[in-house]
Each structure stands twice: as C-alpha cells, then as structure tokens.
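Read off the chains here:
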Amino acid sequence: MYFDNKKINYKVTVKDNQDGSTTDGTIAPNKVKVTLDYIPEGKDLIKATIGHQQNTVPEGRKLIDGSDCTACHASDIKVNGPSYTNIAKKYSKDDIGYLVSKIIKGGQGVWGETMMSAHPQLTPDETEKMVRYILSLKPDKNSNQNLLPLEGTIAFKDHIGKDKQGIYVLMASYLDNGAEGQPESTLSAQEKMVFKSAKIEAEDAIEKSDGLGNWKALDETLVGSILHNAYLKFDTLNLKNLESIKLSTYFNNNYAYEGDVEIREGAPNGNLIGKNHFKYFNKGKSALKYYDIPVKPKSDKNTLFLVFKNEKDKEQYITNVNWILMNYRR
Ligand code: HEC
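Remember, predicted model here, so these are calculated numbers, not experimental data.

**A word on helix α5 (residues 124-135)**
For α5, with 12 residues, the first-to-last C-alpha span of 16 Å sits near the 16 Å given by 1.5 Å per residue. Within the span of α5, buried status applies to T127, M130, V131, Y133, I134 and L135.

Quick look at the structure:
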C-alpha cells in the first residue's frame, strides 16, 4: 500500500542460467528495465508495460515474424523495402490508417520504384498491430522515459491532489541473450509489484452481500441499503501494524439509522478485530460522518470484512459506506 509521500526501498536482481546474474556483474544493470508508473484510473495496467516493450516480444512483432515482411524489410537496413526505423521516422500515429491500407493493397512510388506486394490475407486489425509496432521503433522515442536503477528508493507523490486513488506499478523486465546465433530464441521475464491506496472506496469491495447497491450523494459513490447481516468484503490487505480503520459513512435526512459494524478478518464470521456503533436521525440534515475504529488484527495479511448488525430491527437501515482508510503504526 502507499500513503502520501511514503518512501520504499527496493532492489531488483536478475538471474539467468546462461547469461549470469546482476549480483556478480555478468548481467549489466542497464540491460534490466525498471520503471515506476502511477495509473490514475486504477485499472488499466498497459501504461506500466510501455517501457518494457523491448524486453517482451510485442504482438505486432510476432505477426511480422509470422508473415512475409522479413523477405523485404529489416529493422535498420534497407532490403527490398525501406527499414522499419526509417518508416517510423517518416510517419506518426495519424498515418496508421494509410499504412494499414498500403500494406494490404501493396504499392510503390513513395520510397522508389520497387513494389510492395499486396497482402489481402491480412486483416486490418492484424495489420494495425504490425504498423503500431513499426512506429514504436522511432529512434529516441524512449530516451526520456524514467528508467530507474536496480536498487533505490521510490516515493509516492503522483496521486496527491487527485480525487481518484490510482495504483502504482513497479515493474522490472529483462530480455536474455538467447542461444548463440539464434536471435529468435531470446526469452524475456517480467515482474511487477502493485501498490494500492490505503483508502479503498466501498464500491470497490470485491464482494457485497445480496441486496446492497451503489448510489450517489454529495458527489460521493456510496454503498447503501445496509441492513442486518449485510457485509462488504475487501481483497487481501496488509494487516500487519494496522492500528485503526477510518470509516467514512453517510446518513440521509429523515431516516432513522441504527446498528453496528464489525470488522472481521478472513470471513464474515472470522476473527473480530474492531467494532463501532451508529445512530443517526435528523429531520432536515443529511451528513457525512467519519469514525476512527481501533483494530487488533491477528494475521499479517488477510481479506477484510465489514459486517453490519442490527438484531433489534432487521428492517432498519444501519448506514451507507463511502470508503475505508487504513492507518498503520509508524
Ligand atoms: C515483396 C517485398 C515486400 C514485402 C513482402 C513487404 N514489403 Fe513493405 N514495402 C516494400 C517496398 C518496396 C516498399 C516501398 C513502397 C513505396 O515506395 O511506396 C514497402 C513499404 C512499406 C511500408 C511503408 C509504406 C509507405 O507508403 O511509406 C510499410 C509500413 C511496410 N512496407 C510494411 C510491410 C509489412 C508490415 C509487410 C509484411 C506484412 C511488408 N511490408 C511486406 C516491399 C515489401
């Protein structure tokens, strides 16, 4: 998990049966790519993999290798047709449509009088992947990319001031040398570590008991219709040194709310690590309310459940949940 300005020390090591290892210096540190990316949307991991394309074989490259392109093209030298790097220098993403149709239809005249054969067997979709790969070979395209050293400290700053909590991805990749004289035998490996926000939106619970639903109030997405025995399940979290959980809740005006929340680890009837009572009624005013609930977890890592109870009146609403925030001992 990450918090504002929290710092983390990291170290990447690579071992390869043939090439050696980074610890004894047989693999040069600059052959290993290490990146840290902040992904605001919280879902799309593709951004984090961008700097690692050369260390994994992109799909467009595989398609090119499986087609007849290599008969007339190479990366850096002119064969029958222009080199991919020269094509990448000449064109941009705006030209994808043109290049796709040119490859499928074939043609001549742009680079000289030599003719490119037509490729009617290729779908526009496959061809676009090939073109995107060729365009990615533009020299220096990645030169200002933030490559990190094999060992260092990272800080989490990019999320500060944004309303949505994204994730951070620390990623390392390595492309090995392959077997001698067989360039296509190279293998790549990639490892990533995902850092999630210490604040988790209630609607991001990985499981909600039947009857719960999302709704909006005061620009916040809430989980509501919480009655006796309702629960929210949160994905495996670090519980070591967890001191308290701050709970953001919402109460609508002119409704009588009452009941308890039990915080449990592992299961809806798992170990009880903290508890809070709610009671709210106001004819005219609704309110966002925050509770800092002390917790005593047993496990270092576990799923977390918020279980709601109102034995007295099983039809009475207990609260609406906005988010939870994990507070760790420093
Ligand atoms: C028979 C040889 C041949 C084959 C096979 C071939 N090309 Fe070409 N390619 C050429 C030639 C020659 C040109 C230059 C055409 C021109 O001057 O308009 C070219 C041009 C290109 C261009 C630039 C087009 C432009 O208008 O600037 C791209 C992109 C390209 N090829 C991709 C591919 C891909 C991808 C494949 C495999 C699916 C492929 N080529 C297969 C010969 C070939």
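What follows continues from the structure just given.
**Here we look at the domain arrangement of the protein chain**
By the assigned domains, the protein chain splits into domain 1 (7-195) and domain 2 (200-328). Centre-to-centre separation of domain 1 and domain 2, based on C-alpha positions: 44 Å.

**Comments concerning the coordination of the iron atom of the ligand**
All of the protein donors around the iron atom of the ligand are H73 (NE2) and M116 (SD); their distances to the metal are 2.1 to 2.2 Å. Given six donor atoms and angles of 87 to 178 degrees at the metal, the environment of the iron atom of the ligand is assigned as octahedral. In this pair, H73 is assigned in the loop between α2 (59-65) and α3 (84-90) and M116 in the loop between α4 (96-105) and α5, connecting sequence segments 43 residues apart. Classification of H73 as buried rests on a relative accessible area of 13%. The class of M116 is partly exposed, set by a relative accessible area of 21%.

**Concerning the nonpolar core**
Counting 36 residues, the largest nonpolar core has L232, F234, L304, L306, F308, I324 and M326 as the members making the most contacts within it. Listed in part, the 17 residues of the second largest apolar core include Y10, L170, Y174 and F195.

Parameters at a glance
- Residues numbered from 1 in each chain as written.
- Predicted model: local features only at pLDDT ≥ 70, side-chain atom pairs only at ≥ 80, totals over all residues.
- Heavy atoms only, no water.
- Helix = DSSP H or I, 4+ residues; strand = E, 2+ residues; numbered from the N terminus.
- Expected span 1.5 Å × (residues − 1).
- Buried < 20%, exposed > 50% of the residue type's maximum accessible area, 1.4 Å probe, protein only.
- Domains from an automatic or database assignment.
- Donors = N, O, S within 2.8 Å, 3.2 Å for Na, K, Ca; no water.
- Tetrahedral: all angles 85-135°; square planar, octahedral: opposite > 155°, others 65-115°.
- Core = buried A, V, L, I, M, F, W, Y, C linked by side-chain atoms within 4.5 Å.

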